[in-house]
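A structural walkthrough
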Amino acid sequence: MSINEALVTIIPGEDGAAGYPLPEPTAYSGAASTMVDAGISVSGKLLGSMVRSDVAQISLSWNYLSADDWSAINRIFKDRYINTVRFFDQTKGGWDEREMYISDRAAGLWRRDSEGEVVGWTGCSLQLTEV
Amino acid sequence: MQTTSKEWKANQALQLTSEGFVEVSYKVSDPDIWEKGPAVDADEKLYLSEPEKLISENDYEITPYATCEPDLWRLDGSRITVPGSGGYGYSGYISRSLCDDTGQFDTPLVVVIEFDEMVTSMLPGLTVTWGTAYNEYPVEFRVKVFDGGSYVAGETVINNGVVSIVELEMTNFDRIEIEIVRWCRGRRRARLGKIFMGIEKVYTKSDMLKFSSSETVDPVSAALPKYEVSFEIDNRDDIFNPLNDAGLSKYMMERQEIRTRYGYKLNGLVEWIPGGVYYLSDWSAPQNGLSALFKARDLLGFLNKTYYKGTYEPGGVTLYTLVQKVLREANSLKDDPWVLDEEVLGGVTTTAPLPVSSLAKCLQLIANAACCVIFFDRSGRLHIEPPASAGDAVQVDDDKSYSKAEISLTDPVMQIDVSMYSYAEEPGKELYNGNLTLHPGENVFEIEYSDTARDVIVQVNAGSVSVVPAKTNFYAKFCTLVLDCPSSVTCNVIITGTVLKPGETILSVNSPDGTFQTGRQNDEPQVLKNNLITNEACARAVGGWVYGNLRNRKRASLSWRADPGLETLDTVKIVRSGEEEPIDLLVTSSELEFTGAFKEKIEGTVMS
C-alpha cells in the first residue's frame, strides 16, 4: 500500500499558502451528526425539524509525537480557530474539504532527556468539527 | 392557506420534517423614488418592447418569444410564436439590431431612465435583470449617472450573470443611462427584463440569528390588521454599523420593502412559499453587538396620513367609491395592489362623510360597514372582501402540538346596539372667521371648520384678494382655500355653510339575520359605532354579522410545529385525544418563530 496523501490536511485561508499535512495518526475516527430542532409533543413524541444533516467531526490521536511535531501541529491552530480541513469523510467515502473548528489539544509528557529537554508526548489528541 | 405540493403536505405529517428554510429579501432603495416621475426609453427597440414597464414595482413575467435569431426556433416548446394580431405578452426591452458574431453591438445600445425631478436621496446602486427567459446577458455594459448634462458617476461592468447588481453611490441626479456594449452570445438581440433602482440583499438562515413574524386580523374589521416581521442579521462585518462609511446604513430608510419566503428541502430541492411583504419600520445595530436587528410591518402601518376629504353625500355614495378615493389618496400604493369586492362594496351606500382620521382607519371603517374583512395576502396585496368560506382545514393533533389547546370564554354578547347616523341641516351658519396674512401671488390655506358642513361659501373681505376656484376645494370638515393677491395684505376670511348636526338612532340586533327577537336576555348590549352606517339596511347587516361572530364565545390557543403555509383566517381542526369532536378554530392571530423548526402560537375563535 502506498500512502501519497495525508489523512488530514489543514489548509490555511491565505491564497497560495501550502497546506499543513498532519502526521499519520495512530487512531482516526469520524462522526456525522444530524442537527435537529425538536421538542416533545403533547403525546410525548419527538416533534420538530431537521436543521442540518451530515455535520462532520473527526478525532485524531497519536500514541507518540516528538516535541517538535506536536508543537508544529499546535502552532497551526494558535491563531486560527476555524480552518479549511481536507480529510477522509466517512459519508462520502472519499476526501472532502470543509470548514472546521478545533477542539482542545491534549497530550501527556513522555520524558525529558539528560539535558532537560522534552523529548516527546504520548496520547496526543485533537478533534475537528464542521462549523 | 398557501398552495403547496403533495410532498410538502406529506412532509408536514412527519414527526421530524426535512430541513426548513427562511429567506429575507431586503430592497435597499428610496421608497419615494416613484414620486420623482421616472420614465424609461431605449434605442433601437423592437416592436414587442415595453421599456416603460422596466422600472415598474410589479414583477412582470417575461414571455419567451421566438424572435428572429439563431437557435431560438427549437421545437421543444420552450419558445412562443409572436402573435400576428398584437396583444403581446411582456418582453421588457428587446433591441431591434443584433450583435455581431463576437457579441459586440455596432454602437452601444442605450436605455435611458429620466426623472421629472432631481433625485436627492442616496441610492446604493442599480439591480438590472436581463434576459432571464433566455439565460442571456451582456458581458460588458456601462452605467452612467447625470445631473442635467453633467456626468455625476458611472461604472463599467464586466458581467457574468442574468442579474447584475451595480454597486454605485448615486445622489443628486435626474438621468441614468445603461449602455449595452457586448452580449454573451453572438448574433443575438439585447434583452432587458427589469431595472430596480437600488440593490436587493438576500439573507438566508445562515445569515440570521433570529427570525419571527406575527399576524393579527379582526374577522369583523373592528380593528386594523397587523403584520410584523422581526429578524437579526449577522453584523460581524459591520455592514449595518452607522459609523461604517462603506456600509449600508446610510442608504437605509423607513418603508424599504422586505419580502420573506419559507421553504422545505423536498426530494433534494427546496420548495418555497411566500411569507409576506413588509416595509422596514425600525432597525438598530448595537455597537457592542454582533448582529443588527430589523423590524418591518405591513403597509397599513405607514398609512398614517390624515384623510380630510370626506364630503356629505345626501344622495348616498357607495363604499366602493369611498374606498377608491382613500386608496387614491394613499398614493404610496402603486399599480393597484389591492383586491376589492366591487359587488359587495358597491352594494352599500352611505350619506356620511368619512371622518377626519388616518387613511388606514378610514379603510377599516369602510370594511366594517360593508361586512368585509381587511387583510393582506402574502404578495402584499390589500384585500377588502367578505370572509371566505372555510376551505380545507389543517389538522393539528397531539402529535403535532407542543401544548394542549387552551380554551377560554369571552363575555356573552346577547345584543348589539348599532348606531345609525343621520344629519340635521342648519343653513347659514358661520364655520370660520379669521384674519389671514397673504403674500403676493397664490396662497394656500388648509382650514378646519367648527362643524361638519355642506354648501360652503367663502367671503374674503379685501378688494384685491380673489379666490382661485380651480384650486379651492371644500370638504365636510375642511377646505383647501387658495387666495390670489397682487401684494402683501392681511384679509378677513369668513366661511359659512349649512351645518350638519349628527343624530344617532340605536338599532338593536340579537340575531345573525339582523333582527331583534324579543324575550332574550339583553343585560349588557355591545355598542357598535361606525360613522358610515347611515341607513337601516346597513345597520341590520353589520349588526347581524357582528352578532353572528361574537356569539362564538370560545377562544382557543395552542403551540404547534407550524406549517408556514397557514395564514390568519384559515381554519385549523384541532383533534384532541380523549375527545370525540374536533375543534374548528378560525385563526385570528399567529406568532411564527424559526429556530431551525417552524414553531407557532396560534389563537382564534372556536367555530364548532
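All of the points below concern the structure found in this document. (Residues numbered from 1 in each chain as written. Chains lettered and ligands numbered in written order. Predicted model: local features only at pLDDT ≥ 70, side-chain atom pairs only at ≥ 80, totals over all residues. Heavy atoms only, no water.)

Focus on the interface of chain A and chain B
Of the residues lining the interface, 16 residues belong to chain A; the matching set on chain B comes to 21 residues. For the pairing of chain A and chain B, the buried interface totals around 1400 Å² over both sides, and the portion due to carbon and sulfur atoms is 54%. It is A:Asp37, A:Val42 and A:Leu47 that lose the most area in chain A upon contact with chain B, and together they represent 39% of the buried surface on that side. Across the chain A-chain B interface, the total number found is two salt bridges. No other element matches the seven residues that strand 4 (residues 46-66) of chain A contributes to the side of chain A that touches chain B. For the side of chain A that touches chain B, the per-class residue count stands at eight nonpolar, five polar and three charged. Where strand 4 of chain A lies against strand 1 (residues 16-17) of chain B, two bridges are found, and the strand directions are parallel. Paired with A:Ser49 across the strands is B:Thr17, a residue of strand 1 of chain B. (Contact = heavy atoms within 4.5 Å. Buried area = accessible area lost by both parts, 1.4 Å probe. Salt bridge = Lys/Arg side-chain N within 4 Å of Asp/Glu carboxyl O. Helix = DSSP H or I, 4+ residues; strand = E, 2+ residues; numbered from the N terminus. Nonpolar A, V, L, I, M, F, W, Y, C, P; charged D, E, K, R; others polar. Pairing = 2+ DSSP bridges.)

Examining the pattern of salt bridges
Scanning all chains against the criterion turns up 45 salt bridges over all chains. A salt bridge links B:Glu603 to B:Lys601; its shortest N-O distance comes to 3.9 Å. Among the ionic contacts, a cluster of salt bridges with common partners joins A:Arg52, A:Asp54, A:Asp89, A:Lys92, A:Asp96, A:Arg98 and A:Glu130.

Some thoughts on the nonpolar core
Residue and element names in this part refer to chain B. The biggest cluster of nonpolar side chains holds 100 residues, and the ones touching the most others in it are Phe240 and Leu363. Considering each element in turn, this core owes the most residues, eight residues, to helix 4 (residues 359-369). Other than its neighbours up to four places away in sequence, Phe240 contacts Tyr26, Tyr203, Ile233, Asn235, Leu248, Ser249, Met252, Ala285, Ala292 and Phe294. With 39 residues, the next largest nonpolar core counts Ala42, Ile55, Val128 and Leu192 among its residues. (Core = buried A, V, L, I, M, F, W, Y, C linked by side-chain atoms within 4.5 Å. Buried < 20%, exposed > 50% of the residue type's maximum accessible area, 1.4 Å probe, protein only.)

Overview of the sheet that holds strand 3 (residues 39-42) of chain B
Neighbouring strands of a sheet are bound in pairs by backbone hydrogen bonds; such pairs are parallel or else antiparallel. All names here are of chain B. Across the sheet, which stays open at both edges, the five strands sit in the order 3-5-10-7-8 with antiparallel pairing between neighbours. Looking along the sheet, the strands with just one partner apiece sit at the ends: strand 3 and strand 8 (150-158). Strand-to-strand twist of the sheet, defined as the mean angle between neighbouring strand axes without regard to direction, takes the value 15 degrees. Relative to strand 10 (residues 173-183), strand 5 (residues 104-119) runs antiparallel, the two sharing eight bridges. (Axes fitted to C-alpha atoms, helices over the stretch in contact; angles between N-to-C directions.)

Quick notes on the packing of helix 2 (residues 319-329) of chain B against helix 4 of chain B
Residues and elements named next belong to chain B. The interhelical angle for the contact between helix 2 and helix 4, taken along N-to-C directions, is 165 degrees, at an axis separation of 10 Å. By the criterion of interaxial angle, the relationship of helix 2 to helix 4 is roughly antiparallel. Helix 2 and helix 4 meet at a crossing whose hand is left-handed. Facing helix 2, whose interface residues are Leu319, Leu322, Val323, Val326, Leu327 and Glu329, helix 4 presents Leu359, Cys362, Leu363, Ile366 and Ala369. Of the residues contributing to the contact of helix 2 with helix 4, the split by class is ten nonpolar, no polar and one charged. (Parallel < 35°, antiparallel > 145°, perpendicular 65-115°, else oblique. Left-handed = near helix turned anticlockwise from the far one by under 90°.)

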